[in-house]
Amino acid sequence: MTRLSHTQHNRLSRYLLDLYTMRDHASLVTHILSSLHTLIDCELISYTEMDFRRTQLVYNWGPDHPSLREALRPALERTGHQHPTIPYILKTRGQQSVQISDFLTQKAYKRLDIYQDFFKQVDTNYQLAALIQVKPSFMIPVCFNRKHRDFATQDRTQLDLLRPHLVQSFQNARIISHLKTQLTETSYAIEANHQALISVTTNGQILFATPSAVQLLHRHGLSPRRSSNWLPTYLREWVTHLTAQFNSHARIAAPIQPLAIERNETCLNLQLLRHGEHYLLMLKETRTYSSSSLQGLAQLGLSARETEVLGWVTQGKTNPEIGMILNISHRTVQKHLKRIYTRLGVENRHAAMTVAMEATRRERNGDNYD
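Let me sum up the structure you'll find in this document. Quick caveat, the model's predicted, so the values are computed rather than measured.

1. Side note on the overall build of the protein
Looking only at helices and strands, the protein has 14 helices and 10 strands in total. A burial count over the protein gives 41% of its 370 residues as buried. Across the protein, contacts joining residues at least 24 apart in sequence account for 56% of those joining residues at least 6 apart. With the model as given, the accessible surface of the protein reaches about 21200 Å², and the carbon-plus-sulfur share is 52%.

2. Considering helix α11 (residues 304–314)
Listed in full, the buried residues belonging to α11 are E306, T307, V309, L310, G311, W312 and V313. Where α11 terminates, the next one or two residues include G316, which has phi positive at roughly 85 degrees.

3. Some details on the side chain of S169
Along the chain, the position of S169 falls in helix α7 (residues 153–192). Ignoring any residue separated from it by four or fewer positions in sequence, one finds S169 in contact with L19, Y20 and L28.

4. Digging into empty space enclosed by the protein
Under the counting rule described, the total for this entry stands at 1 cavity of 30 Å³ or more. Forming the walls of the largest cavity are 23 residues, and the residues nearest its centre are T48, H83, F119, Q127 and C143. Elements that contribute at least two residues to the lining of the largest cavity include exactly β1 (44–51), β2 (56–62), α4 (86–92), β4 (126–135) and β5 (138–146). For the lining of the largest cavity, a count of residues per class yields 15 nonpolar, 8 polar and no charged.

5. A few points about the pairing of strand β6 (residues 196–200)
Most of β6 is tucked away, with 5 of its 5 residues classed as buried. Every second residue of β6 is oriented toward a common face, with A196, I198 and V200 on one face and L197 and S199 on the other, all of them buried. Judged from the 3 bridges that link them, β6 and strand β7 (residues 206–209) form a sheet pairing that is antiparallel. Bridge pairing in β7 places V200 opposite I206. Hairpin connection of β6 to β7: 5 residues between the antiparallel strands, including G204 at a positive phi of 90 degrees.

6. Description of the packing of aromatic side chains
Taken as a whole and judged by the stated rule, the model has 7 aromatic pairs. Pairing Y47 with F170 gives two aromatic rings, centres 5.5 Å apart and planes at 5 degrees, and the pair type is stacked. On the criterion of sequence distance, the pair formed by Y47 in strand β1 and F170 in helix α7 is long-range, its members being 123 residues apart. Take F170: its relative accessible area is 0%, and that puts it in the buried class. Members of the aromatic cluster, joined through ring pairs, are Y59, W61, Y109, Y115, F118 and F119.

7. Things to note about the nonpolar core
In this structure, L19, I32, L36, Y47, F144 and L162 are the most contacted members of the largest nonpolar core, which totals 28 residues. At the level of secondary structure, the elements contributing two or more residues to this core comprise α1 (6–19), α2 (25–35), β1, β4, β5 and α7. Sort the elements by how many residues they give to this core and α7 lands first, with 5 residues. In terms of nonpolar packing, the next biggest core, distinct from the first, is built from 21 residues, A196, I198, A213 and L270 among them.

Quick notes on the rules
Residues numbered from 1 in each chain as written. Predicted model: local features only at pLDDT ≥ 70, side-chain atom pairs only at ≥ 80, totals over all residues. Heavy atoms only, no water. Helix = DSSP H or I, 4+ residues; strand = E, 2+ residues; numbered from the N terminus. Buried < 20%, exposed > 50% of the residue type's maximum accessible area, 1.4 Å probe, protein only. Contact = heavy atoms within 4.5 Å. Areas by Shrake-Rupley, 256 points an atom, 1.4 Å probe, with all protein chains shown as cover. 1 Å grid on protein atoms, 1.4 Å probe; cavity = no way out; pocket = protein on both sides within 12 Å on 5 of 7 lines; lining within 4 Å. Points joined across faces, edges and corners; volume = space filled by probe spheres on them. Nonpolar A, V, L, I, M, F, W, Y, C, P; charged D, E, K, R; others polar. Pairing = 2+ DSSP bridges. Phe/Tyr/Trp six-rings, centres within 6.5 Å; stacked < 30°, edge-to-face > 60°. Core = buried A, V, L, I, M, F, W, Y, C linked by side-chain atoms within 4.5 Å.

Keep in mind these numbers describe shape, not what the thing actually does.
Right, here's the structure in full:
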């Protein structure tokens, strides 16, 4: 293998450091198409997923020419199997980079339909390719394309050194894409159940957050700074403290207590949960009542428990939710409601809410009860 110059070696090393940045599949394709020319000079870089069995392909260029690329798609799908490197690639499983000039002279190459119908239209007379994946009926080449001069031995050496890292980076990117899809689906499921969750690291970095969780943080003055993916300092310190408790080797660990933050007659409750190596913040907002509000409901002649139940009804809570808040069953909540309806002389939930809200208004305004 030809030795690289000091400059080429340093350039390749810097490129590899950036290549292993966490990216999903689409982002990685965009990155290589816009950056590989810094290693190997060319007019056009292409990334292609070729499915010979279905005669289908997905391909992108850098720099891109969308209208021309789509116009030439039928030609490439029709003639792609003629590419002169394919038999060698299938035989060697794409372990080494390949050039068209390894297999055909320029004269023979230009007689092929794939040249006349496709490569000629994109000014590709010389091509150097690395294979990311090779199967009998499927392959993914990354290709460097030139019009006026063939690729040198040092270009090929750089690409052979780079190829294993490209393969690994694409494997990493597929895993990241899969995880992002799972997180998105999980987020939708969480939202469907009206849950608010934030996935965090041990030092308070936000990995993902459901929209309802973001809204709750904002409502309680805890929004991360613009373009930041970190919890506010106060919450970061709390998370760091609790994760240390989770990981404590003490025989009897201290109980993990939720955090309650009160603001404007509402309370934001935060519970940190651990699942394997992952940490989730579960957020739940509850209503707190001023003494005057509770006193207003008490004037209706209800018991302390009935007052609590009616107070949560006015906040739009369902029977199961009230049961969870008060640590009683939803059937017990319903029994309390039946007694509340009787005492208030009403027949349903809506009517009880109307009476309760009027009582609260009277208490707030200092009106006398008849």
